[in-house]
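# Chain and residue survey
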Amino acid sequence: MRISQRTRTLGVLAVATLALGACGTPGSGGGQAASQPTSSSGLATCEPVAGESLVVLKDDKGLQNADNVIPAVNAQVAADHPQVLELLDKVSASMDTDGLIALNKAVDVDRRTSSEVATEYVDDNGLAATDTSVGTGTSLTVGAANFSESITLAEIYAAVLRSAGFDAQAQTIGARETYLPALQSGELAVVPEYAATLATFLNGQVNGADAPSVASSDVDETVAALTPLAEQSGLVVGEASAAQDQNAFAVTAEFAQEHDLTTLSDLAAACGGVVLAGPPECPERPFCQIGLEDTYGLEIGEFKSFDFALIGQAVRQGDATLGLVTSSDGSLASDA
C-alpha cells in the first residue's frame, strides 16, 4: 500500500526541513544513549543514534510492492504514434532510484523548477530524439499527479516528446481518480505511473474491490499482471524503470555503521526493542509495523506517531531508531 498523494504532498513541503534539520539528542540524555543489555527477545536493545543523514535499509524479504516508475499511455495514442512509447522507454532505461532521489532533491530541497530540472536531465542523459520531426503536427498532453515527483517526471516525458517534434506540454491534474479517466479518454496522452499502485487500482476497477492482489515485490511479475489490466482499461504501459517510489524504512547512517546494517534482516538479527516512527496508522498496517514483525521478526519495543513529513527528522534527532520514509525522498541524497 502506498502513501496517499496528499500525505506525499505534505512530505514534499517539509523535505527541505528534513534535509537541513539539526540533530537533536536521543531521549533526554544528550548524545548517544547507553544501550540496555537485552530486550524481551534476548537481543541487544539498540538505542537510537542521532545523525545528519538517513540510509534506507534494503527490503530483502520483499515486504513492499514494486512501485517502479512506468509510463502509462492512452492506447489510441500508442497505436497512432508508436514512437511515443519508444521515447518514453528510453527514459525508463535511464532512471534508477538514486537518480529519482537526485531529481527530487533538486526540486524539493534545492528549490529548482521541475521544468528546469527535467530539461537538464534530458540533456545529461542524451534522451533527445534523433528524428526531430516524427511528431510534427501532433499535440500531446502529459498528465501529472499533484506532487512534485510526478510533475518532474511529466516534464521529462514532455521534453523528450518535444525533442521528437511533438507539441507536448505537461499539465498537473490531481489524484489518480481524476487523471486516469482523462488518460483513458485521450484527453491526456501519457502519465508517469507506479507499477504496483496502478496494477492494484486497475485490478479493483476491472475485477472488483475484493479481487485478490496482483501486485508483489517482483517488478516483472507486477508488470506482467498490470499489462492485461491496462489493455482492458484502454491503456498501454511501457517499460518499467529501475526507479522506485515506495515505502521504505530508514535509520541514521551512524546507527547503520555502528551496528553494521544494510538490510532489514540485519536489523532484526542485531537489535531488539526497536523504537519505530511512523504515521498514526502504522501499527495496524501490513506494510508498516505488522509487516516488520511478521515478515522480519523485528521486535518493536515502542511506536512513536508522527505526521509523515516529520518522521525523517525524528530519526535524525534520535527520537526513534527506525522510520517509515519513501524510497525516493530527496532528503535521502548523499549530499543533501
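Everything discussed here concerns the structure shown above.
Residues numbered from 1 in each chain as written. Predicted model: local features only at pLDDT ≥ 70, side-chain atom pairs only at ≥ 80, totals over all residues. Heavy atoms only, no water.

Residue placement: Y157 occurs in helix α7 (residues 148-163). The class of Y157 is buried, set by a relative accessible area of 2%. Once the C-alpha coordinates of Y157 and P192 are considered, the two residues, 35 residues apart in sequence, prove to be 8.0 Å apart. When near neighbours in sequence (up to four residues on either side) are disregarded, Y157 contacts V69, I70, P71, L88, V91, V142, V190, V191 and P192. (Helix = DSSP H or I, 4+ residues; strand = E, 2+ residues; numbered from the N terminus. Buried < 20%, exposed > 50% of the residue type's maximum accessible area, 1.4 Å probe, protein only. Contact = heavy atoms within 4.5 Å.)

Taken as a whole, this structure holds 2 disulfides when the rule is applied. Two residues share a disulfide in this structure: C46 and C271, whose sulfurs sit 2.1 Å from each other. With the S-S dihedral at roughly -90°, the linkage between C46 and C271 falls on the left-handed side. Placement of the pair is C46 in the loop between β1 (44-45) and β2 (54-57) and C271 in strand β9 (residues 271-272), with a sequence separation of 225 residues. Judged by its relative accessible area of 0%, C271 falls in the buried class. Each sulfur in the disulfide pair C282 and C288 lies 1.9 Å from the other. (Disulfide = S-S within 2.5 Å.)

Interaxial distance between helix α6 (residues 114-124) and α7 falls to 8 Å at its minimum, and their mutual angle equals 50°. Overall, the two elements α6 and α7 adopt an arrangement that is oblique. When the axes of α6 and α7 are compared, the crossing they make is right-handed. Contact residues: α6 offers S114, S115, V117, A118, Y121 and V122, while α7 offers S148, I151, T152, E155, I156, A159 and V160. (Axes fitted to C-alpha atoms, helices over the stretch in contact; angles between N-to-C directions. Parallel < 35°, antiparallel > 145°, perpendicular 65-115°, else oblique. Left-handed = near helix turned anticlockwise from the far one by under 90°.)

Moving on, we come to unusual backbone geometry. Trans peptide bonds make up the majority, and among non-glycine residues the majority have a negative phi. The residue R111 is not glycine, and still its phi comes out positive at about 65°. One non-glycine residue, D260, adopts positive backbone phi at about 55°. With respect to the helices and strands, D260 occurs in the loop between α11 (253-259) and α12 (264-270). On the basis of relative accessible area, D260 is assigned to the exposed category, the value being 66%.

Here we take up the layout of surface pockets. Each pocket or cavity is described by its volume, and for the largest pocket that value is around 540 Å³. The wall of the largest pocket is formed by 24 residues, among which V56, K58, T97, Q244 and S327 lie closest to the centre. Elements that contribute at least two residues to the lining of the largest pocket include exactly β2, α5 (97-109) and β8 (247-252). In the lining of the largest pocket, the residues fall into 11 nonpolar, 10 polar and 3 charged. (1 Å grid on protein atoms, 1.4 Å probe; cavity = no way out; pocket = protein on both sides within 12 Å on 5 of 7 lines; lining within 4 Å. Points joined across faces, edges and corners; volume = space filled by probe spheres on them. Nonpolar A, V, L, I, M, F, W, Y, C, P; charged D, E, K, R; others polar.)

The subject of this paragraph is helix α10 (residues 219-232). Look at α10: 20 Å from first C-alpha to last across 14 residues, which is about the 20 Å you get at 1.5 Å a residue. Measuring from the backbone nitrogen of D220 back to the side-chain oxygen at the start of α10 gives 2.9 Å, which picks out D218 as the cap. A positive backbone phi angle near 80° is found at G234, which sits one or two residues after α10. (Expected span 1.5 Å × (residues − 1). Polar contact = N/O pair within 3.5 Å; in protein donor to acceptor, adjacent residues only side chain to side chain.)

As a further point, take the pairing of strand β4 (residues 139-144). Strand direction decides the pairing type here: β4 and strand β5 (residues 167-172), joined by 6 bridges, are parallel. Bridging from a neighbouring strand, L140 pairs with A168 of β5. At this point the chain moves from β4, through α7, to the parallel β5, and the crossover so formed is right-handed. (Pairing = 2+ DSSP bridges. Right-handed = clockwise from strand over helix to strand, strands pointing away.)

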